[in-house]
Structure formats: C-alpha cells, structure tokens
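# Summary of the model geometry
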Amino acid sequence: MKKYNWMKVDTASIMFSSLSSKTWGRTFRSAVLLKDEVKPEILKKAAADIMPRYPSMHTCIKKGFFWNYQEGTELLPEIREEFSAQLLPITLRNDGRPDFRLVYYKNRLAMECAHYLGDGMGSNKYFTALLERYTELIYNPDAPYNPTPFNPEEITNAFNDYYQPDGSKDVEEEFKAYKIEGEIEPGFLQFVFALMNVDELHEKAKEKGLTITEYLACALILGTLRHAEKPVTDPVIIAIPVNLRRFFPSETVRNFTIQSRIDFFPEGRTDWQFDEICDKVKGQLEKRLTVPELQKILNNFGSLANNKVIRFVPNFIKLPVVRLRQEKSHGNNTTILTNTGKSELSPILENEVIRADGINGDTSGYGLISTCSALSCNGIFNLCFSTCSHDISWTRECVRVITEQGVRVRIESTHGNGEK
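Since we're looking at a predicted model, the values are computed, not measured. (Residues numbered from 1 in each chain as written. Predicted model: local features only at pLDDT ≥ 70, side-chain atom pairs only at ≥ 80, totals over all residues. Heavy atoms only, no water.)

### Here's the deal with the packing of helix α1 (residues 11-19) against helix α9 (residues 291-305)
Look at α1 against α9: their axes get within 9 Å of each other, and the N-to-C directions meet at 65 degrees. Crossing handedness for the pair α1 and α9: left-handed. Facing Thr11, Ala12, Ile14 and Met15 of α1, the residues of α9 in contact are Phe301, Gly302, Leu304 and Ala305. Classifying every residue of the contact of α1 with α9 gives six nonpolar, two polar and no charged. (Axes fitted to C-alpha atoms, helices over the stretch in contact; angles between N-to-C directions. Helix = DSSP H or I, 4+ residues; strand = E, 2+ residues; numbered from the N terminus. Left-handed = near helix turned anticlockwise from the far one by under 90°. Contact = heavy atoms within 4.5 Å. Nonpolar A, V, L, I, M, F, W, Y, C, P; charged D, E, K, R; others polar.)

### A few points about the environment of Leu34
Residue placement: Leu34 occurs in strand β2 (residues 27-34). The residues touching Leu34, leaving out its near neighbours within four places in the chain, are Asn107, Leu109, Tyr134, Glu352, Val353 and Ile354.

### Brief notes about the sheet that holds strand β9 (residues 236-243)
Strand order in the open sheet formed by seven strands is β10-β9-β11-β13-β14-β8-β15, and the pairing between neighbours is mixed. Each edge of the open sheet carries a strand with a single partner, namely β10 (257-264) and β15 (410-413). Taken pair by pair, the neighbouring strands of this sheet meet at an average axis angle of 20 degrees, ignoring direction. The sheet contacts of helix α12 (residues 393-404) involve β8 (190-197), β11 (335-342), β13 (370-377), β14 (380-387) and β15, and relative to β14 the element is tilted by about 155 degrees. (Pairing = 2+ DSSP bridges.)

### Quick look at the packing of aromatic side chains
Within the structure shown, the criterion is met by 13 aromatic pairs. Geometrically, the ring pair formed by Tyr54 and Tyr126 is edge-to-face, given 5.6 Å between the ring centres and 90 degrees between the ring planes. Of this pair, Tyr54 sits in the loop between α2 (40-50) and β3 (59-63) while Tyr126 sits in helix α3 (residues 120-139); the two residues are 72 residues apart in sequence, bridging distant segments of the chain. Assigned by exposure class, Tyr54 and Tyr126 land together as buried. When the ring of Phe175 is compared with that of Phe265, the centres are 5.1 Å apart and the planes differ by 80 degrees; the resulting orientation is edge-to-face. Of the two residues, Phe175 sits in the loop between α4 (158-162) and β8 while Phe265 sits in the loop between β10 and α7 (274-281), which places them 90 residues apart along the sequence. (Phe/Tyr/Trp six-rings, centres within 6.5 Å; stacked < 30°, edge-to-face > 60°. Buried < 20%, exposed > 50% of the residue type's maximum accessible area, 1.4 Å probe, protein only.)

### A short note on a nonpolar patch on the surface
Judged by side-chain polarity, Phe65, Phe66 and Phe312 come together as a nonpolar surface patch covering roughly 350 Å² of accessible area. Considering the arrangement of structural elements, one finds Phe312 in the loop between α10 (308-311) and α11 (315-331). (Patch = residues over 30% accessible without salt bridge, like charges linked within 9 Å, V, L, I, M, F, W, Y side chains within 5 Å. Areas by Shrake-Rupley, 256 points an atom, 1.4 Å probe, with all protein chains shown as cover. Salt bridge = Lys/Arg side-chain N within 4 Å of Asp/Glu carboxyl O.)

### Side note on the side chain of Thr363
As for its position among the elements, Thr363 is in the loop between β12 (353-359) and β13. For Thr363, a relative accessible area of 0% corresponds to the buried category. The residues touching Thr363, leaving out its near neighbours within four places in the chain, are Trp24, Arg26, Leu368, Thr371 and Cys388.

### Looking at α1
Summarising burial for α1: nine of the nine residues are buried, a large majority. Those residues of α1 not exposed but buried are Thr11, Ala12, Ser13, Ile14, Met15, Phe16, Ser17, Ser18 and Leu19. In this structure Asp10 caps α1, since a side-chain oxygen of it lies 3.0 Å from the backbone nitrogen of Ala12. (Polar contact = N/O pair within 3.5 Å; in protein donor to acceptor, adjacent residues only side chain to side chain.)

### Quick notes on the packing of α2 against α3
Relative orientation of the contacting elements α2 and α3 amounts to 125 degrees, with a least axis distance of 9 Å. Classified by the angle between their axes, α2 and α3 sit oblique to one another. You can see that α2 and α3 cross each other, and the crossing is right-handed. Contacts between α2 and α3 involve Ile42, Leu43, Lys45, Ala46, Ala47, Asp49 and Ile50 from the former and Tyr126, Ala129, Leu130, Arg133, Tyr134, Leu137 and Ile138 from the latter. (Parallel < 35°, antiparallel > 145°, perpendicular 65-115°, else oblique.)

This is the structure:
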C-alpha cells in the first residue's frame, strides 16, 4: 500500500469531488442477496485480505492546493450492520477510512461507494473479488488468498490515456430539459425495485427494434409525459452513462464513463403513444455511441482538467468553476438511466448469489428528483428507481407503461428508513 500512498484523481473524480461536501456526496450502491446470512467476522477478514490488491479503492479524497487528490489508507472501510435502507451519502470526512463502506443485513451484502473512487463497472471488480474471497473463507477459513496479479493499468486515469488535446470536441446543441414535477426533500431517499424476467423484457424490446436501454428510456419518457400536470413543451432528456471500456480498451477500476443521452421533444402534445416514442428514440444511441462521436465527448470532458492555465489556478478558485460546470451538465437532464448490463458471476458465486441490485443513489446535488439504474442477474432484470421525495407517482407512471406493454413486473420498495 505504501507505494500508492497518494494518487491524482481521475478526470471524472475532479467533477464528482468538486460537488462533495460535509452533507452530500455522489454515492452509488452495489448489493447482492446471498443464500445464507452474512458472517461479519469473515467479511472483515475477506476485506483485509483483498485490501492490498486494490490500492485505488483504499483511498480517501483530500483537498490539495491545486487539485483534490486521493490519499491511501491502511484502515479497513466501515463495515457494519445496515441500520437504514436509505443509502446514506459518503461525504467529505477526516476519519482516514477509505471512501466506501460495506453494510449487511441478514443475507444482504452491499458496497456503498463514493463515485470519485470509481464507476460502477470498475468498483464492481473490487466487490466481486470481495464476494469471491468471502465465499472461499466461508467454506474454508484457512484458504490461502491467491489473487489475480495486480495490473498497474487498473489505477490509471484512462481519460488521459485517450484524451486528444487537438482533437474534435462535442458540439451537440444543449437544451434546457423538462424537470420531473415534485419537491426534493433534503436527506430523504427511497427506492422502488421493478423486477422483470430479462428474456421477456428483451423480447419486448426486440419486437420494437430497440435495445433494452432504449426500450426503458421510452417507458420513462411516456411516464414523464403522463405524470406532468400540464402539456410538456421542453424536451425530455434521458442521460445514459456509457462505459467507455467497450470502445476504448482499458483495465482501469477507476472512472471511465461518460454521459450520452436520448432526447425527446413532446411539443406540447398530450396524446403520444408508446410506439410513436419508440420511433423517435430508435437509432439515437446507435448514432451517438460510435468511437468518433465518443472521442469528441471524451475530448470535451478532458479539456478543463488538462487546460494549462486552469491547472495552476488554486483549488479554492477552480473548484467553484468545476462545480458549476458539473451542475449544468447534469442539470440539463430530466433523469438518468444507468444500465450496467448483465452481472457475470464467477463459478464460485453462481450458487451463492440469488439476486443483485444496483442503485444510483441521491442525485439531489444535481437538482434531479428521481433517477434509475438497472442490471440483470440470474435471469432477473432489476430496474431501481431512486427518489429524493416521498412522492413516487412518477415511478408509478413509468412502471405502468412497462406493464401495459405486456411485461410482468414485481415491485419491492423501501420507504426512507424502512426495510425492503
């Protein structure tokens, strides 16, 4: 660990950490339901065993003079029984522990992670390794730990690896997005899980000539229009985080995700049908998710962090500028739909994991009242709605659209501090 006692934040971490405060931080959650109850002492041993293997995860954010940086720590993350189903944000703190926590309740085990440590695809490599080591120790407490060899590329800033300072930048027109009606309630967060058969959902999307992500975006758009009290004239914009590792080879476990989008212009009409929306959405992601187009966004994303003048401006002047840019970027959306795809379980976990959950967490810092995250595991497609309000009427409308298309949905929910 001493070799990595500090490291520069990656390009996305500059943005995420600029928004973090003592009361709010961009935090997401990965969770699994196991077939047996979690054993805390074995979990702590598993976390201690794998700690040296993932140095970028075992860091905490610190404020430097010119840039924030990540300081390495040899302390274990917070490991405790879950006393709230609310996903408490990971905020700026000085306790020296890494900026993620492990929480458990009966047979549920979750990792809650500050987004500046890594994105969902990267940090899940750590979580998977933890689950595998934990399972090994359950069956053999004396099992030796034989991790895959450490690859220095896992802790690189992949944005810089592919940033082209003289390359083309994204020039797509930005619009002021329609905002979901409702009032953000500070400190409050609840989740609704819409569980579906992944094969059934895929078949319904295929019938419309759409991917699952596009199909769900159409449901969110129609649900938004139905939920609105007045005809919607501003565009409904669904932000779609994109895993750049699919297009630019990288092994990094840190952040390497940018944001694409699906736009829909309702023009004040109140009689939109699902098939019409599908026709408008079809092809948007295919057009945007090409290497040349993503390179433009990547160049645009990296231009601020790599600006030679801004680089040497003191942090207390620079961070407010970065914060405004980040707030504007996310504030130009109606909601976020994060689909991490299929959770591939290793052989050691196939008989241990019943279901997996992915949760976007509190996005009130962006001014967004509700967001969505999705993944599939063991044939179950899990769409999670995260809402910073007691009012879940928008979620209800979106789920109703999905069921109207013939997809069977089972609902589970939390209510603030309540249990699932």
